[in-house]
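Report on the structure
If you want the building blocks of each chain, they are given just below.
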Amino acid sequence: MTSFVTHLESALDGTHLPARTVQTVHEGRPLWVRYDLDAVGRAVARDDLRGRSSGLWRYRELLPVDDPGCVVSLGETTTPLVDCPRLARALGVRRLLVKDESRLPTGSFKARGMAMAVSMAKQFGIERLAIPTAGNAGGALAAYAAKAGMSCTVLMPEDTPEVNRYEAGLFGARVFLVDGLINDCGALVREGAERVGWFDVSTLKEPYRIEGKKTMGLELAEQLDWELPDAIFYPTGGGTGLIGMWKAFAELSALGWLASDARPRMFSCQADGCAPIATAFDEGERFARAPDAPRTEASGLRVPVAVGDFMILDAVRESGGRAMAGAESAIRPRMRQAASLEGLSLCPESAVCLEVLADAVAQGHVGAAETVVVFNTGAAQKYVEVMRTELPRLDRAAPDWDALGAGA
Ligand SMILES: *Cc1c(COP(=O)(O)O)cnc(C)c1O
């Protein structure tokens, strides 16, 4: 079987490029993967999905892989949509659902993009992958590269979270710490692509990670019986997640699979220590400016320059949503709130989404009667430095039972 891909298209100027050959960017900007959606609609009906196994490959007609033998999978699951009534009450919305992407291989939604990028690399016979990472992308790529038998090099800033620093090496990748930001790592990977033949799997520098991330939107629609929520809160670094989901909704709409034409308002959430997209949104700009001294402990959001900035901003504006910055100081309390009220292992990036949601409710951008979906893009356990607290000692010889009883 071959896929329904017809061509690739420059997101900036609409130029068509051939698919089925290695493509990266056009004029330095990302490419969309385009499909013959009429043919998809003839090949598969939405109800045909029912009998298929769970996980992102159930949407194969909307994915770019031509040769099923090239699929590289680590057993991706359909991630649960968890109803969070106590958190909803605390934040002032009627219904809050958390789509928990932390259940995917390597504990983050990066698995979706890498499953697709590595499968396509395999189809093209590419053998040496490299990536700059601010956190979870390196581990996810390393795991899929290991499964595919490819070599993988990961470059990361020195302040990358501890778990991310070691997981990629565990999967057999060559890992290097760089004294700079993710964009500096990205420049080195670009140079390595020229000099030593690495294939650059950076966010939006190859067309297929978006297609993997798109499956979040496909899955969400199917889980909600093709009725999309009023608003989606999504943490934004490079933006592939938000861009991919918006693309998914457009494709589902073109296929006529959605219950109604109403699409969610997309809220792009950033931490106020590094919020180029939120700033550009406020200023009415389509392209973002790098902030001066970007810092946030939500490492996945520590992305000062996003090549897909205009794609994020276009999607947010088209949807009637907003790009907003949440307070850095709220990250740890929001993680604790979600964990203690709902038993959820929420990453710092998604804690930012809860803070932005609280702000959006307070400012009237979200109504009290609305259904909101927040994406939990990763597991709290990957951020030991953010979780760390001083633990009291219990004296084994003479436990203070009065204090212990009072605390429980
Ligand atoms: C990478 C990452 C993000 C940002 O995702 P983009 O799609 O690149 O905007 C958010 N959260 C986590 C946990 C991440 O690893």
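You'll find the structure just up there.
Cut-offs used in this document
- Residues numbered from 1 in each chain as written.
- Predicted model: local features only at pLDDT ≥ 70, side-chain atom pairs only at ≥ 80, totals over all residues.
- Heavy atoms only, no water.
- Core = buried A, V, L, I, M, F, W, Y, C linked by side-chain atoms within 4.5 Å.
- Buried < 20%, exposed > 50% of the residue type's maximum accessible area, 1.4 Å probe, protein only.
- Contact = heavy atoms within 4.5 Å.
- Disulfide = S-S within 2.5 Å.
- Axes fitted to C-alpha atoms, helices over the stretch in contact; angles between N-to-C directions.
- Helix = DSSP H or I, 4+ residues; strand = E, 2+ residues; numbered from the N terminus.
- Parallel < 35°, antiparallel > 145°, perpendicular 65-115°, else oblique.
- Left-handed = near helix turned anticlockwise from the far one by under 90°.
- Nonpolar A, V, L, I, M, F, W, Y, C, P; charged D, E, K, R; others polar.
- Expected span 1.5 Å × (residues − 1).
- Phe/Tyr/Trp six-rings, centres within 6.5 Å; stacked < 30°, edge-to-face > 60°.
- Lys NZ or Arg CZ within 6 Å of the ring centre and 35° of its normal.
- Near = heavy atom within 4 Å.
- Polar contact = N/O pair within 3.5 Å; in protein donor to acceptor, adjacent residues only side chain to side chain.
- Areas by Shrake-Rupley, 256 points an atom, 1.4 Å probe, with all protein chains shown as cover.

Attention shifts here to the nonpolar core. The nonpolar side chains of soluble globular proteins are, as a tendency, buried together. In terms of nonpolar packing, the biggest core is built from 87 residues, with L129 and I232 touching the most fellow members. Beyond its immediate chain neighbours, meaning those up to four positions away, I232 contacts L220, M245, F249, P264, R265, M266, F267, V373 and F375. Judged by nonpolar contacts, the second largest core, of 35 residues, contains L91, V98, A351 and V366.

One pass over the structure, following the stated rule, counts zero disulfides. Free cysteine C274: the closest other cysteine sulfur is in C269, separated by 14 Å. The thiol of C353 is not disulfide-bonded; the next cysteine sulfur, from C269, is found 3.8 Å away. By relative accessible area, C353 is classed as buried at 0%.

Between helix α3 (residues 110-123) and helix α7 (residues 208-223), the shortest axis-to-axis distance is 7 Å and the interhelical angle comes to 135°. Classified by the angle between their axes, α3 and α7 sit oblique to one another. For the pair α3 and α7, the crossing hand works out as right-handed. Between α3 and α7, the contacting residues are K110, R112, G113, M114, M116, A117 and M120 on the first element and Y208, R209, E211, G212, K213, T215, M216 and E219 on the second. Here the contact of α3 with α7 is built from residues that sort into six nonpolar, three polar and six charged.

Over its 16 residues, α7 runs 23 Å from end to end, which matches the ideal 22 Å to within 8%, given 1.5 Å per residue. With 15 of 16 residues buried, α7 is to be regarded as a mostly interior element. Within two residues after α7, D225 carries a phi angle of roughly 55°, on the positive side.

Moving on, we get to the environment of D225. Inspection of the secondary structure assignment puts D225 in the loop between α7 and β10 (231-235). Assessed through its relative accessible area of 57%, D225 is described here as exposed. Considering only alpha carbons, one finds D225 and L258, 33 residues apart in sequence, at a separation of 8.6 Å.

Within this structure, the stated rule accounts for seven aromatic pairs. Between F109 and Y234, the ring centres sit 5.9 Å apart and the planes meet at 70°, which makes this aromatic pair edge-to-face. Linking F109 in the loop between β5 (95-100) and α3 with Y234 in strand β10, this pair joins segments that are 125 residues apart in sequence. Taking relative accessible area as the criterion, F109 reaches 8% and is therefore assigned buried. Relative to F375, the ring of Y234 lies with its centre 5.3 Å away and its plane at 50°, an arrangement referred to as tilted. Of this pair, Y234 sits in strand β10 while F375 is found in strand β13 (residues 371-376), placing the two residues 141 residues apart along the sequence. On the accessibility criterion, Y234 (1% relative accessible area) is buried. When its relative accessible area of 0% is taken as the criterion, F375 is described as buried. Within the aromatic cluster, the residues linked to one another by ring pairs are F109, Y234 and F375. Lying across the ring of W246, R263 places its NZ or CZ 5.6 Å from the centre.

In this section: the site of the ligand. Around the ligand, a shell composed of 16 residues is seen, among which K110, N136, G237, G239 and T377 lie nearest. N136 is positioned with one of its side-chain polar atoms (N or O) 2.9 Å from an oxygen atom of the ligand. Measuring from an oxygen atom of the ligand, one finds a backbone N or O atom of G241 at 2.9 Å. Expressed as a share of its isolated accessible area of 380 Å², the protein-covered part of the ligand is 97%. Classifying every residue of the shell around the ligand gives four nonpolar, nine polar and three charged.

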